[in-house]
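What follows is the residue order along each chain.
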2 protein chains.
Amino acid sequence: MANPIPASALDQLFRHARTPNDWAPTPIDDATVHALYDLLKWGPTSANSTPARFVWVRSAEGKAQLASLAMEANRPKILAAPLTAIIGNDLDFPETMPKLFPARGEMMKQMFKQPGVAEVTAMRNGSLQGAYLIIAARALGLDCGPMSGFDNAGVDKAFFAGTNIHSNFICCLGHGKPESIFPRNPRLTFEEAGRFA
Amino acid sequence: MANPIPASALDQLFRHARTPNDWAPTPIDDATVHALYDLLKWGPTSANSTPARFVWVRSAEGKAQLASLAMEANRPKILAAPLTAIIGNDLDFPETMPKLFPARGEMMKQMFKQPGVAEVTAMRNGSLQGAYLIIAARALGLDCGPMSGFDNAGVDKAFFAGTNIHSNFICCLGHGKPESIFPRNPRLTFEEAGRFA
C-alpha cells in the first residue's frame, strides 16, 4: 500500500500546472526526450497495445512545416516552443501484439483486427498515452501546451506518409513564459461530473 | 522552471506501477474519491471542455450490476475491488462551455456542436481525463485496474439512462494484491514508437 506522493509533486502535476501560450527558447536535448518516453511508455493500455506513435518536432524545418498546418492562433506557439510532439494513433498496432503481449500475441492481434475494433482501441488508448506524455513531461519539470487545432489530414501527409498512423493531437513542450498564461477556467464540481452508485 | 519530481514519485506513477488482478477489501472512503476528482479535474482538455463523467461504483448492488455487464474474466475483479469507476463521455458537453470557458463560452459551444466535432472531441479529451484519473489515483497511493472488456451499451443503459453519456472504459481502484500481478510485458523502443523531425 503506497503513500501519496509529496504535495509539491501533486501541485506540479495537477494543481499548479498551467498551459503557457509562449515559450522560452531553452532547447530540449535528446536525453530529455528519451527520459520522457521512458516514463510515458509504462502507462497502462488495453492488452499493452500502446498504439500511440510520436514525432518529436524540433528542427526549424519541422517546426515551420507543422506551424503551416496549424490554426493561425497556434502557429506562433509551435514556432516558439523548442519542441512540439505530434501524437498519432497507429491503426496497424495489432501487428505489434506478438511483441507487446508475448503470452497471447497472435490471439490479441486477431481480436484487435476485427472490424472497427482497431480504430476505437487506438483512439482510446492513444489518447491515454497522450495524457501520460503530458503528466510525464510535467513530472520532469517541463510545461505542456496541448492543441488539437490543426489540419489532421495535412499533418498525416507531411509526417506520417506511407504509414497507417493518424494524428490525434499535438503538444508543445518546453519552458513556458509565465506571463503568457491565461487566468484559470473553472471546473465542474464533483457532483456535476459524477455520482456514487 | 520546475525540477523533476522525486524519483520515488516517478516510480510510483510510472516505472513501478502495475495493474493488479485481485484486490484487498480495504474500502475507499468518500474523502479519497473527492480528493481523486480534485486532482484529475485540473488536467488539460480542449478549451477546458472536460467531457468525462464518472460513476463511482461502490455499493454491492452497483458492483453486481456492473460485473454482470463485464467480460467473464473481468467480473471477479469488479466484485473484489472496493471501487470501480465508470468513465463516460458526455456528448452534451458543449452545453457546459459557457460555465467552463466564460470568456468565449457561447462561441465554443457552437464550435463543438458542429457535426462530428462533439464525438471526436469527447473521445479524445474524455480519454485524456481517464488517464489523469489513473495517474492521480496512483499519486494518492491507490492501484488501478483499467478495463475495456464490457458491454458498453448495457452499461450506458444501466448507469447513464436519460443522458447522452457513453461509457468509455472502467477502472478498478483500491489496493491490489501483489501476488495477482502478471509479469510485465515489454514496451516499444524509442525508435519503434517515434522519431525526431
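One can find the structure itself at the top, above this paragraph.
Small disclaimer: the values here were computed from a predicted structure and weren't measured.

Conventions and cut-offs
Residues numbered from 1 in each chain as written. Chains lettered and ligands numbered in written order. Predicted model: local features only at pLDDT ≥ 70, side-chain atom pairs only at ≥ 80, totals over all residues. Heavy atoms only, no water. Helix = DSSP H or I, 4+ residues; strand = E, 2+ residues; numbered from the N terminus. Contact = heavy atoms within 4.5 Å. Areas by Shrake-Rupley, 256 points an atom, 1.4 Å probe, with all protein chains shown as cover. Buried area = accessible area lost by both parts, 1.4 Å probe. Salt bridge = Lys/Arg side-chain N within 4 Å of Asp/Glu carboxyl O. Polar contact = N/O pair within 3.5 Å; in protein donor to acceptor, adjacent residues only side chain to side chain. Nonpolar A, V, L, I, M, F, W, Y, C, P; charged D, E, K, R; others polar. Buried < 20%, exposed > 50% of the residue type's maximum accessible area, 1.4 Å probe, protein only. Arc of directions from axis to C-beta. Pairing = 2+ DSSP bridges. Axes fitted to C-alpha atoms, helices over the stretch in contact; angles between N-to-C directions. Parallel < 35°, antiparallel > 145°, perpendicular 65-115°, else oblique. Left-handed = near helix turned anticlockwise from the far one by under 90°. Core = buried A, V, L, I, M, F, W, Y, C linked by side-chain atoms within 4.5 Å. Least-squares fit on C-alpha atoms with pLDDT ≥ 70 in both. Phe/Tyr/Trp six-rings, centres within 6.5 Å; stacked < 30°, edge-to-face > 60°.

(A) Layout of the overall build of chain A. The secondary structure content of chain A amounts to nine helices and five strands. Its helices and strands taken in sequence order, chain A reads α-α-β-α-α-β-α-α-α-β-α-β-α-β from the N to the C terminus. Counting only C-alpha atoms, chain A reaches 50 × 45 × 35 Å along its principal axes. In chain A, the proportion of contacts linking residues at least 24 apart, taken out of those at least 6 apart, comes to 80%. Accessible surface, chain A as shown: approximately 7900 Å² in total, 57% of it carbon and sulfur.

(B) Expanded view of the interface of chain B and chain A. Listed as interface residues are 75 residues of chain B and, on the opposing side, 75 residues of chain A. Between chain B and chain A, a total of about 6900 Å² is buried, with carbon and sulfur atoms accounting for 66% of that surface. Among the residues chain B hides against chain A, the three largest losses belong to Phe14, Trp42 and Arg187 of chain B. Together they make up 11% of the total. For the pair chain B and chain A, the interface holds two salt bridges. Close ionic contact of Lys99 of chain A with Glu192 of chain B constitutes a salt bridge, the shortest N to O distance being 2.7 Å. Taken together, chain B and chain A are joined by 34 residue pairs in polar contact (both at pLDDT 80 or more). Going through the elements one at a time, helix 1 (7-15), helix 2 (30-40), strand 1 (52-57), helix 5 (97-100), helix 7 (117-139), strand 4 (165-174), helix 9 (190-193) and strand 5 (194-196) of chain B are the ones with two or more residues in the side of chain B that touches chain A. In terms of residue count, the dominant contributor to the side of chain B that touches chain A is helix 7 of chain B (13 residues). In terms of residue class, the side of chain B that touches chain A is built from 42 nonpolar, 20 polar and 13 charged.

(C) Highlighting helix 6 (residues 105-112) of chain B. Buried residues of helix 6 of chain B: Gly105, Met108, Lys109 and Phe112 of chain B, and no others. Take helix 6 of chain B and look down its axis: the buried residues cluster within an arc of 105°, on one side only.

(D) Here's a closer look at the sheet that holds strand 3 (residues 143-147) of chain A. With mixed pairing, five strands are arranged side by side in an open sheet as 3(A)-4(A)-2(A)-1(A)-5(B). The sheet is open, and its two edges are formed by strand 3 of chain A together with strand 5 of chain B, each paired on a single side. Each strand of the sheet is rotated relative to its neighbour by a mean of 20°, with strand direction disregarded.

(E) Looking closely at the packing of helix 7 (residues 117-139) of chain A against helix 7 of chain B. The geometry of helix 7 of chain A relative to helix 7 of chain B is characterised by a closest axis approach of 8 Å and an angle of 50° between their N-to-C directions. Judged on the interaxial angle alone, helix 7 of chain B and helix 7 of chain A are oblique. Considering how the two elements wind past one another, helix 7 of chain A and helix 7 of chain B form a crossing that is right-handed. Across the interface between the two elements, Val120, Met123, Arg124, Ser127, Leu128, Gly130, Ala131, Tyr132, Ile134 and Ile135 of chain A from helix 7 of chain A touch Val120, Met123, Arg124, Ser127, Leu128, Gly130, Ala131, Tyr132, Ile134 and Ile135 of chain B from helix 7 of chain B. Residue composition of the contact of helix 7 of chain A with helix 7 of chain B, by class: 14 nonpolar, four polar and two charged.

(F) Looking closely at the nonpolar core. Among the nonpolar cores identified, the biggest contains 73 residues, and Trp56, Leu133 and Leu173 of chain A together with Trp56, Leu133 and Leu173 of chain B are the most heavily contacted of them. The contact partners of Trp56 of chain B, leaving out residues within four places of it in the chain, are Phe190, Arg195, Phe196 and Ala197 of chain A together with Val33, Leu36, Leu40, Leu83, Thr84, Ala85, Leu133 and Leu173 of chain B.

(G) Examining the relation of the copies chain B and chain A more closely. Mapping chain B onto chain A calls for a rotation angle of 180° and an axial translation of 0.0 Å; the resulting RMSD is 0.0 Å. Put plainly, the chains are arranged around a two-fold axis. When you check the interface residues of chain B against chain A, 100% turn up at the interface there too, and the contact is symmetric in its surfaces.

(H) Seen up close, the packing of helix 2 of chain B against helix 7 of chain B. Residues and elements named next belong to chain B. Where helix 2 contacts helix 7, the axes come no closer than 9 Å and their chain directions differ by 125°. Classified by the angle their axes make, helix 2 and helix 7 are oblique. For the crossing formed where helix 2 meets helix 7, the hand is right-handed. Listed contacts from helix 7 to Leu36, Leu39 and Leu40 of helix 2 are Gln129, Tyr132, Leu133, Ala136 and Ala137.

(I) Local environment of the packing of aromatic side chains. In the structure shown here, the tally under the stated rule is twelve aromatic pairs over all chains. Centre to centre, the rings of Phe190 of chain A and Phe196 of chain A are 5.7 Å apart; their planes meet at 40°, and the pair counts as tilted. With a centroid separation of 6.2 Å and an interplanar angle of 10°, the aromatic rings of Phe190 of chain A and Trp56 of chain B are classed as stacked. Note that Phe190 of chain A is positioned in helix 9 (residues 190-193) and Trp56 of chain B in strand 1, a pairing that runs across two chains. Assigned by exposure class, Phe190 of chain A and Trp56 of chain B land together as buried. Among the aromatic side chains, those forming a connected cluster through ring pairs are Tyr37, Phe54 and Trp56 of chain A together with Phe190 and Phe196 of chain B.

(J) Examining the environment of Gly105 of chain B more closely. Residues and elements named next belong to chain B. Tracing the backbone shows Gly105 in helix 6. Expressed as a C-alpha distance, the spacing of Gly105 and Ala47, which sit 58 residues apart in the sequence, is 9.3 Å. Setting aside residues up to four positions removed in sequence, Gly105 forms contacts with Met97 and Pro98.

(K) Quick look at the sheet that holds strand 5 (residues 194-196) of chain A. The strand order 5(A)-1(B)-2(B)-4(B)-3(B) describes an open sheet built from five strands, whose pairing is mixed. Since the sheet does not close on itself, it has two edges, and those belong to strand 5 of chain A together with strand 3 (143-147) of chain B, each with one partner. Averaged over all pairs of adjacent strands, the angle between their axes in this sheet comes to 20°, without regard to strand direction. Here strand 5 of chain A runs beside strand 1 of chain B; their pairing, made up of three bridges, is parallel. The residue bridging Phe196 of chain A from the neighbouring strand is Trp56 of chain B, located in strand 1 of chain B.

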